[in-house]
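Architecture and fold: a report
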Amino acid sequence: MKVTTFLAARAARTHRRAWAAVFAALAVTSLLLGALALTLASAGLGHPRVARYAAAPLVVAGDQYTRFTATPWGSEPRTTEAGLTERVRVPAAALGVVRKVPGVRAAVADAGFPVGRAGRAAVGRPWTAARLAPRAVRDGRAPRGAHEVVVGGAARVGARTVLRVRGADTAYTVVGVADGPRDAVYFTEGEARRLAGHPGSLDAIGVLARPGVATEELAARVRAALDAAGARSVGPRADGDAAGLRVLTGNGRGAAEFLDAAPARVGLLELLGSVAATVVLTALLVVSSTVVQALRQRAGELGLLRAVGATPRQVRGVVGKEVGRVAVGAALVGAVGAVPAFLALRGVLDARGALPAGLELPLPPWLWSAPLVGAAVTVLMARLAAVFAGAGAAKLRPAEALHEAAPGTARKVTGLVLLLAGVSSAGTAALQSGAAAGAAAGAAAVTMVSACALLGPWIADGAMRVLGAPLRRYCGPAGHLAAANCRAAARRSGAALTPVVLVTAFIGVQLSAGATLTTRGRRRPARRCGPVSRYGRTAGCRPVPWSGSAACQGCGRRRTWCPARWYWPGARPASPGSTGCRSSASPRSG
C-alpha cells in the first residue's frame, strides 16, 4: 500500500466530523443532478402523444412554427422561430392532391370544433375521421343524417341529446356509441364541415397507405406532390416565411393533435437547463468551500506532515484521495435518492401545470442510469475542489501551518470592487424592467456572492465585534471562547459563511426573479389603459369606427382597429364594418 493511500484511509476514519459537511454537500449535489438528469433526458425524448391519428402512418398538417427575420441596429439579420399554439389549418385543395399520390389508399379529412355536451366540454369531428384512431361503433350505427351523432362513452342508442355548438343549442339523436374517450362527438361529414365554420380549410389530413408501401417512401411522395402543387398553410405569415405543409410520421403525428406540447417541451428544456447550470455552479462553490474548511481544520496535521519530510506532491495526493473516498460514497448515496426525487419533481410539474396533457415523457430502461451521470459529475467537481484546496495546503511551509495567516490586501480590494459592482447591478435591476432587469439581477447575485466570499474574513471579524459583547456577557466562559476563537480564526469563519450566503442568494434569485418580472409585466398594461377586458383590449381603450386607424384615448398610441381586436398599423380589415382582419401584423392587446 502506498503511503498516500494509507494516510488518506487513516485520515478519513479519524476525521469523520471534518468530512461530514463535505459528504452531505456531495450527496445533495448528486441527488439534485441525478434528478435533473433524469428529467432533462426524459424531456429531451418527449413527444406529443399519438392518439387521434394512431392508425394513420402519415398526417399532413399546417406549419405550427412561425419565422420572422429582423435586422437589429448595427447587427446582421436574424431569424427567430416560435411555436404557435393556435391551429394552423390545411387548405381543402390539398386533400385532392394527396389522394392522387401513388401508394395512398385513402386520404381522410379531419376538422375538430368545440362542443358542449351535458355541461361538459367535448370535441366534435366527422365520423369519417374516426377510422384514423381507429374508432368503431360498438353499439348502433354510423350517422347518416344531419341531426344524427355517434358519441363516445356511455349513452343510450335512440336517445335525444342537446349539444351546444357555436353558441346555439341543437337537439340530436344518438344513433351509435363508439369506443374511445367520452368527450368525442361524431357528426356526418357535411354537418361537421358546416359546424366547424371554415369550409375552405381542414385541421389535418390522415393518410392511409396501400399494403406493401413503406412509410418513408410514401412520405417523400406526398411531400413532393404538395410542394409541386404549391400547397401552403392557411393564414397570413411574415415576409420570407414559406409556411409549407408538414408531413408527419412516427411520434411526430401527435403534434397535429396536441398543439401546445412542442412549445411546452422547449420551454421545459430551457427551464431545466437553467436550473441544472445553477445547481452545478452552486454545488461547485459550496463543495469547494466545505473542502477548504475541512482542510483548514487540519492545517496543523498537514504542517506536521511537511515537517517530517512529506513532499507537496504527497500532500496533494493525500488530500485528493481523501476527497475521492468521501465523494464516491456520497455520490452513490445521492444517485440512489435521485430516483424518488425525480418522481417527486415530475409530480410537482404535473400538479403545477408545467406539463401539458398531451406531452409524453418516456422512460426507457437505459434512462434509469442517468443518476450515475450526475454521480460522475459530482465526483469530478469534488476532485477539482481537491486540486485547488490541495494546492494551497501543499504550498504551506511547516511553520506557516501552525498559525492562521492573515488575508492579503489584494483580496480585500478585489472584494470591494465586486461588492460595488454588485450594488450597481442591483440598482439597475430595481430601476429597469424586462430582460435588462433579469440580466442585472443575475449579475448582482453572482458579483455580490463572490464579494462575500472574498470579504468573508472581514465580515466575520466585524460580526464578532458586534456580537462578541453579548456572547461574553450572557454565555459565560463558552461565549468568551467562541468570540475569541472566531476573531482569531477569521479566515475559517469567513469560509463557513460562503456556502450559506451562496445558497440563499441563488435560491432567492431563482425563486423571486421570474415571479417579479411576470407581475411587473401584468401591471404595466393595466396602468396605461385600465383593466383588461375579456376581448383582449383594455377597458380604457375606446375605439372609433373604421377610418384607417384609431388612437387609444387612454394611452395615446395609434392602432388600426377591427371589431374583434386592436392591430398594429399596417392591418387592414376585409371590408369596412366587417368582423375580421386580413393582415400580416400580429394582434396586440391595447
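All told, the structure shown has 4 aromatic pairs when counted by the stated rule. For the ring pair F113 and F187, a centre distance of 5.5 Å and an interplane angle of 45° mean the geometry is tilted. Here F113 is found in strand β7 (residues 113-117), whereas its partner F187 is found in strand β13 (residues 184-187), with 74 residues between them in sequence. What makes F113 buried here is its relative accessible area of 5%. For F187, a relative accessible area of 0% translates into the label buried.

The subject of this paragraph is the pairing of strand β8 (residues 120-126). Summarising the sheet, β7 and β8 pair through 5 bridges and their orientation is antiparallel. Within β8, the residue paired with G116 across the bridge is A121. From the end of β7 to the start of β8, which pair antiparallel, there are 2 residues, and A118 there has a positive phi angle of about 55°.

A few words on the environment of V97. Turning to its location among the elements, V97 is positioned in helix α3 (residues 93-99). Judged by relative accessible area, which is 22%, V97 ranks as partly exposed. Once the C-alpha coordinates of V97 and A225 are considered, the two residues, 128 residues apart in sequence, prove to be 6.9 Å apart. Excluding anything up to four places from it in sequence, V97 contacts A225, L226 and A229.

In this section: the pattern of salt bridges. Charged atoms that come close allow side chains of opposite charge to pair. Taken as a whole and judged by the stated rule, the model has 14 salt bridges. A salt bridge links R125 to D110, with the shortest nitrogen-to-oxygen separation between them at 3.1 Å. Taken together, the residues span a long stretch of sequence, with R125 in strand β8 and D110 in strand β6 (residues 104-110) at a distance of 15 residues. Considered together, R125 and D110 belong to a single accessibility category, that of buried residues. Of the charged contacts, one joins R193 and E189 as a salt bridge, the two residues approaching to 3.6 Å between their closest N and O atoms. Of this pair, R193 and E189 are both found in helix α4 (residues 189-196), 4 residues apart, which corresponds to roughly one turn of the helix. When its relative accessible area of 35% is taken as the criterion, E189 is described as partly exposed. A single salt-bridge network, built from bridges that share partners, covers D63, R67, E81, R237 and D241.

Right, let's talk about the environment of A440 for a bit. Structurally, A440 is set in helix α11 (residues 435-454). A relative accessible area of 9% means that A440 is categorised as buried. In sequence terms A440 and G422 are 18 residues apart; their C-alpha atoms lie 9.0 Å from each other. Non-local contacts of A440, meaning those with residues more than four positions away in its chain, are made with S425, T428 and A429.

Another aspect to go through is the nonpolar core. By size, the foremost hydrophobic cluster in this structure holds 25 residues, and its most contacted members are W19, V22, L26, V287, V291, L295 and V323. Ranked by residues supplied to this core, first place goes to helix α8 (residues 312-351) with 6 residues. Ranked by size, the runner-up nonpolar core spans 21 residues in total, among them V101, L202, V207 and L226.

Another aspect to go through is the pairing of strand β11 (residues 160-165). Only one face of β11 is covered, namely the one carrying T161, L163 and V165; the face carrying R160, V162 and R164 has none of its residues buried. Relative to β11, β7 is paired through 2 bridges, and the arrangement is antiparallel. Within the sheet, the bridge partner assigned to R117 lies in β11 and is L163. Between the end of β11 and the start of strand β12 (residues 168-178), which pair antiparallel, lie 2 residues, with R166 showing a positive phi angle near 55°.

A few words on the confidence of the model for the protein. Low-pLDDT stretches of the model should not have their predicted coordinates read in fine detail. Of all residues in the protein, 76% have pLDDT values of 70 or greater, and the mean over the chain is 78. This stretch, residues 525-590, has a pLDDT under 50; its non-local contacts, to residues over four places away or in other chains, come to 106 contacts.

This brings us to the side chain of T161. Among the secondary structure elements, T161 is positioned in strand β11. With a relative accessible area of 15%, T161 lands in the buried category.

It is worth spelling out unusual backbone geometry at this point. Residue A133 is joined to P134 through a cis peptide bond whose omega torsion reads -5°. Inspection of the secondary structure assignment puts P134 in the loop between β8 and β9 (137-140). With phi around 55°, A118 is a residue other than glycine that occupies positive phi space. Among the secondary structure elements, A118 is positioned in the loop between β7 and β8. Positive phi, normally seen in glycine, also occurs at A243, with a value near 55°.

Quick notes on the rules
- Residues numbered from 1 in each chain as written.
- Predicted model: local features only at pLDDT ≥ 70, side-chain atom pairs only at ≥ 80, totals over all residues.
- Heavy atoms only, no water.
- Phe/Tyr/Trp six-rings, centres within 6.5 Å; stacked < 30°, edge-to-face > 60°.
- Helix = DSSP H or I, 4+ residues; strand = E, 2+ residues; numbered from the N terminus.
- Buried < 20%, exposed > 50% of the residue type's maximum accessible area, 1.4 Å probe, protein only.
- Pairing = 2+ DSSP bridges.
- Contact = heavy atoms within 4.5 Å.
- Salt bridge = Lys/Arg side-chain N within 4 Å of Asp/Glu carboxyl O.
- Core = buried A, V, L, I, M, F, W, Y, C linked by side-chain atoms within 4.5 Å.
- pLDDT = per-residue confidence, 0-100.

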